[in-house]
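Residue-level structure breakdown
Okay, here's what each chain looks like letter by letter:
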Amino acid sequence: MKRRDFLGLSIVSTLLMPIKALAAVWNKKAFDASNVDDAEAGLSIADEIPSQDIEITAPSRAENGAIVQVAVNSRIPNSEAIAIFVDKNPTALIGNTMFSQGAQANMVTRIKMAETSDIKVVVKAGDRYYTASKKVIVLENGCGGSGGSSGPFKSSMKIRAKQLKQSDLVQVKAIITHPMHTGRGKDDLGELIPAHFIQLITVKHNKQPAVDMQLGTGIAKNPYLTFHLTNAKVGDTVEIAWHDNMGKSGKAETAVIT
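As the structure is a computational prediction, the values presented were derived from the model and not from experiment.

Some details on the overall build of the protein chain
A tally of regular secondary structure across the protein chain gives five helices and 16 strands. When the 258 residues of the protein chain are sorted by exposure, 51% land in the buried category. Nonlocal contacts in the protein chain, meaning residues at least 24 apart in sequence, comprise 68% of its contacts between residues at least 6 apart.

Written out as structure tokens, the structure reads:
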């Protein structure tokens, strides 16, 4: 197994690259795969071990597959990355998230699901891969795209970093205004809307990398994210930056509060 393939290059060091170089960092082979097996091959995943120490929180029934909130928590020692897959989606790999510098191996996000399917999670810890899954019944397809207009793009981001009461954890929450078009949705005139989605996100704590993410079109419109830092304190800075497939980018910073 190639650790580089699963973890990817450091997004923090690549956000200053030219657009073409940034596109090369994103794992196109894995994110373009239409099934889990091929997506895992793109990440060089092998010899998975089923684990009850991976906790997946998601609804048993999703009224709207366009927005399905998923939380993943790994209790496996030395967990360093979490990959999320949905086999029945047009592209199976939802996202691959890498943790460092005191970031806990847990996360919350919102995904798209085309139909009833298992949400599969693979956690990397050292040289081993662990897996768990949870079935979600989907009542309405959420992978056609967000529809609406393909008009002028305007994005914004809100972030908050808060020291949790009676805990040494700092909870980081963010929501990014972004259409996350899949390339399969149509506008009001019935024309296909070009794919437009965030590919790379980095979270820095006091200017040091803490969380790196690679995302596909399976993340829901206006991406929502939650992470936890173990070595942060009140007054520290948290910065989140993103870059999408059309060369657009954004960045915001906040201080940890009580």
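Considerations on the packing of aromatic side chains
Tallied over the full model, the rule gives four aromatic pairs. A centroid spacing of 5.7 Å and a plane angle of 55 degrees characterise the contact between W26 and F197, whose relative ring orientation is tilted. Highlighted residues: W26 in the loop between α3 (19–25) and α4 (28–32) and F197 in the loop between β11 (170–176) and β12 (198–205), separated in sequence by 171 residues. Per residue, the accessibility class of W26 equals that of F197, and both read buried. Here the aromatic rings of F99 and F227 are separated by 6.5 Å at their centres, their planes lie at 65 degrees, and the arrangement is edge-to-face.

Describing the pairing of β12
Taking burial as the measure, the eight residues of β12 include eight buried ones, the bulk of the element. Inspection of the sheet shows β12 paired to strand β15 (residues 237–244) by seven bridges, in the antiparallel sense. Paired with K204 across the strands is E239, a residue of β15. Hairpin geometry of β12 and strand β13 (residues 208–215) is characterised by an intervening segment of two residues between the two adjacent antiparallel strands and by a positive phi of about 50 degrees at N206.

Points about the pattern of salt bridges
Across all of its chains, the model carries ten salt bridges by this definition. Where E239 meets K207, a salt bridge forms, and the shortest distance between an N and an O atom there is 3.7 Å. Here E239, found in strand β15, pairs with K207, found in the loop between β12 and β13; they are 32 residues apart in sequence, far enough to count as distant. On the basis of relative accessible area, E239 is assigned to the buried category, the value being 10%.

Side note on the nonpolar core
Grouped together as the largest cluster of nonpolar side chains are 70 residues, with contacts concentrated most on I54, I82, F85, I111, I119 and I201. For this core, the leading source of residues is strand β5 (residues 79–86), giving six residues. Not counting the four nearest positions on each side in its chain, I54 is found in contact with V72, N73, I76, V121, V123, Y130, T131 and A132.

Quick word on unusual backbone geometry
A positive phi angle, near 50 degrees, is found at M180, a position not held by glycine. Residue position: M180 is located in the loop between β11 and β12. Here the phi dihedral of N206 falls at roughly 50 degrees; this positive angle occurs in a residue that is not glycine.

Considerations on the sheet that holds strand β7 (residues 106–111)
Across a sheet, paired strands are connected by hydrogen bonds in the backbone, their directions being either parallel or antiparallel. Here six strands make up an open sheet; going across it, the order is β2-β4-β7-β14-β11-β10 and the pairing antiparallel. Strands at the two margins of the open sheet, each flanked by one partner only, are β2 (54–57) and β10 (157–163). Strand-to-strand twist in this sheet, taken as the mean axis angle between neighbours without regard to direction, amounts to 10 degrees. Pairing between β2 and strand β4 (residues 68–74): four bridges, direction antiparallel. Bridge pairing in β4 places T57 opposite A71.

Quick look at the pairing of β10
Only one face of β10 is buried: it carries M157, I159, A161 and Q163, and the other face, with K158, R160 and K162, is open. Direction of pairing for β10 relative to β11: antiparallel, over a ladder of seven bridges. Looking across to β11, one finds that M157 is bridged to I176. Between β10 and the antiparallel strand that follows it, β11, lie six residues; Q166 among them carries a positive phi value of about 55 degrees.

Thoughts on the side chain of Q163
Residue position: Q163 is located in strand β10. Within the local environment of Q163, its side chain forms a polar contact with the backbone oxygen of S167, the two atoms lying 3.0 Å apart. Leaving out residues up to four positions away in the same chain, Q163 has contacts with D168, L169, V170, A232, K233, V234, V256, I257 and T258.

What counts, and where the lines are drawn
Residues numbered from 1 in each chain as written. Predicted model: local features only at pLDDT ≥ 70, side-chain atom pairs only at ≥ 80, totals over all residues. Heavy atoms only, no water. Helix = DSSP H or I, 4+ residues; strand = E, 2+ residues; numbered from the N terminus. Buried < 20%, exposed > 50% of the residue type's maximum accessible area, 1.4 Å probe, protein only. Contact = heavy atoms within 4.5 Å. Phe/Tyr/Trp six-rings, centres within 6.5 Å; stacked < 30°, edge-to-face > 60°. Pairing = 2+ DSSP bridges. Salt bridge = Lys/Arg side-chain N within 4 Å of Asp/Glu carboxyl O. Core = buried A, V, L, I, M, F, W, Y, C linked by side-chain atoms within 4.5 Å. Axes fitted to C-alpha atoms, helices over the stretch in contact; angles between N-to-C directions. Polar contact = N/O pair within 3.5 Å; in protein donor to acceptor, adjacent residues only side chain to side chain.

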